[in-house]
Amino acid sequence: LYLHALFFLFQHKDAYQAILDGVKGGAKEKRLAAQFIPKFFKHFPELADSAINAQLDLCEDEDVSIRRQAIKELPQFATGDNLPRVADILTQLLQSDDSAEFNLVNNALLSIFKMDAKGTLGGLFSQILQGEDIVRERAIKFLSTKLKTLPEEVMTKEVEEFILTESKKVLEDVTGEEFVLLMKILSGLKSLQTVSGRQQLVELVAEQADLEQTFNPSDPDCVDRLLQCTRQAVPLFSKNVHSTKFVTYFCEHVLPNLSSLTTPVEGLDIQLEVLKLLAEMSSFCGDMEKLESNLKKLFDKLLEYMPLPPEEAENGENAGSEEPKLQFSYVECLLYSFHQLGRKLPDFLTAKLNAEKLKDFKIRLQYFARGLQVYIRQLRLALQGKTGEALKTEENKIKVVALKITNNINVLIKDLFHIPPSYKSTVTLSWKPVQKADASQKRASEDTTSSSPPKKASAGPKRDARQIYNPPSGKYSSNLGSFSYEQRGGFRGGRGRGWGGRGNRSRGRIY
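Quick notes on the rules
- Residues numbered from 1 in each chain as written.
- Predicted model: local features only at pLDDT ≥ 70, side-chain atom pairs only at ≥ 80, totals over all residues.
- Heavy atoms only, no water.
- UniProt positions renumbered as here; feature names shortened; annotations may be inferred.
- Helix = DSSP H or I, 4+ residues; strand = E, 2+ residues; numbered from the N terminus.
- Buried < 20%, exposed > 50% of the residue type's maximum accessible area, 1.4 Å probe, protein only.
- Contact = heavy atoms within 4.5 Å.
- Areas by Shrake-Rupley, 256 points an atom, 1.4 Å probe, with all protein chains shown as cover.
- Phe/Tyr/Trp six-rings, centres within 6.5 Å; stacked < 30°, edge-to-face > 60°.
- Salt bridge = Lys/Arg side-chain N within 4 Å of Asp/Glu carboxyl O.

As annotated in an unreviewed UniProt entry, the protein chain carries the name API5 inhibitor and is attributed to Ramphastos sulfuratus. Taken directly from UniProt, the Sequence similarities (unreviewed entry) text for the protein chain runs: "Belongs to the API5 family." Database annotation for the protein chain, UniProt heading Subcellular location (unreviewed entry): "Nucleus".

Peer 1: What's the story with the overall build of the protein chain in this structure? I'm lost.
Peer 2: Broken down by element type, the protein chain carries 21 helices and 0 strands. Per-residue burial for the protein chain yields a buried fraction of 51% across its 511 residues. Within the protein chain, contacts between residues at least 6 apart in sequence are counted, and of these 74% link residues at least 24 apart. Within the structure as shown, the protein chain displays about 24,200 Å² of accessible surface, and the carbon and sulfur contribution to it stands at 49%.

Peer 1: What's the story with the packing of aromatic side chains in this structure? I'm lost.
Peer 2: The description of an aromatic ring pair uses the distance of the two centres, along with the angle that the planes make with each other. Taken as a whole and assessed by the stated rule, the structure comprises 14 aromatic pairs. Taken together, a centroid distance of 4.6 Å and an interplanar angle of 10° make the contact between Tyr 16 and Phe 44 stacked. In this pair, Tyr 16 sits in helix H2 (residues 13–21) while Phe 44 sits in the loop between helix H3 (27–39) and helix H4 (48–59), placing the two residues 28 residues apart along the sequence. The exposure class of Tyr 16 is buried, given its relative accessible area of 0%. Residue Phe 44 is classed as buried on the basis of its relative accessible area of 5%. Between Phe 215 and Tyr 249, the aromatic rings sit 6.2 Å apart at their centres with planes inclined by 90°, giving edge-to-face as the arrangement. Of the two residues, Phe 215 is situated in the loop between helix H12 (195–209) and helix H13 (220–233) and Tyr 249 in helix H14 (residues 244–254); the sequence distance between them amounts to 34 residues. We note that Phe 215, like Tyr 249, is buried.

Peer 1: What is the right way to read the pattern of salt bridges from this model?
Peer 2: When the charged atoms of two side chains with opposite charge come close together, those side chains can pair. A full pass over the atoms with the stated rule returns 20 salt bridges. With its nearest N and O atoms 3.9 Å apart, the salt bridge here joins Lys 141 to Glu 177. A residue pair is termed long-range when its members are at least 10 positions apart, and Lys 141 in helix H9 (residues 133–146) and Glu 177 in helix H11 (residues 176–187) qualify at 36 residues. Among the residues examined, Glu 177 registers a relative accessible area of 41% and is labelled partly exposed. Here Glu 395 ties to Lys 399 by a salt bridge, and the two come within 3.2 Å at their closest N and O atoms. Pair noted here: Glu 395 and Lys 399 are both in helix H20 (residues 394–417), with a separation of 4 residues, about one helical turn. With relative accessibility at 35%, the residue Glu 395 sits in the partly exposed group. Judged by its relative accessible area of 8%, Lys 399 is buried. Where salt bridges share partners, they join Glu 137, Lys 141 and Glu 177 into one cluster.

This is how it looks when you write it as structure tokens:
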């Protein structure tokens, strides 16, 4: 029957209909139908719907070999108005748990992308916005991993604008993980590598962070959302794309509540993570409306971590009080942020503080600097002569990072001891990779650098430096590495799962 149908195919509609009916036959007939239906599909436009539905039946067959053959041939149906529908179908098939099938679906989607990128994206985003959760999740992951592999002739400006438009719709209701993936997609678009493009992305992140809302430090999801959004914004900031809105929010709402912050992430030093983000953003803060007020909040928080020296008895010994613990990791972040914002109001310490307050601050600086010098000497001695593999041990990694922290603090304290205080020194934060001066200058002048997230710094050891050294008392955070933790929780809207499930959209097959 099938050989006869093949011979008379171009003249006989009935012969093609017979092939379509083969999907109801046995395994042999189905395999032949899976090949012949797409092969001659274009010759019978009046049977297009029947042909696509027949092929879809084969895509759901119990025989895995028939399913794979049917999926492999689906791109042949992607002609004209049928392409968005085929893209929609393939997107739904991403939910397959069979690895071979899943790879076939990925390859099929990529092949129709090259035929019509915008049409394919229409099918993908249709499922992201309306499909089942598993399909939505895998469709977003597909875009986050595969778009960057497509050539420029496929990813035209029009296509990228379509991705941005549709992504904004998706961002109206997303989980934390989805938000991170969508930002990865958008930050990789060539058209958003410009200053105006990165500014657009920052505004999208600010909208997700909802910086107009009242900050609730006791709500883990509220804190988590702010941190995730800020982390996505940090790589986008530059000389011409300012962090002012975020820095202002941190100074006004987060710093005053630092000790009350809660997080759903077990073992995370949430206070340090907040201070790290503030420090990274402070370099790119523009003109701030309430600069003096916010600088005062930052200064007051810094004082909390810069203790006064213990009182001495008449014999010169400590008067029984315990020696204060020096929180080096916290102080590095706060001192760096104060140093950056202080440049914008250089007379803050001399004109905005009374003489007694300034004297108190210098006593704290001096005491901290003394403890710092002891640590720096011990660290340098411990690392002296060590190179290569010797520096890669867990203990020496701690010492290397600790030396960066203490050196940074030392440089910043020296600046503030100048009369009047100076804000000219430049340091690289201890958890950030050291960048060449010419590279940073190039970005500052051209400002066309990719907005992709920066490479992660090596994860720091989970250990307190007090275990290594005793006198004087001091502490480096146990989280010396880069800001990184499991994405959890949800963003905007009343969603039930994570940061809010978007409701039950499970509708079965909707081809």
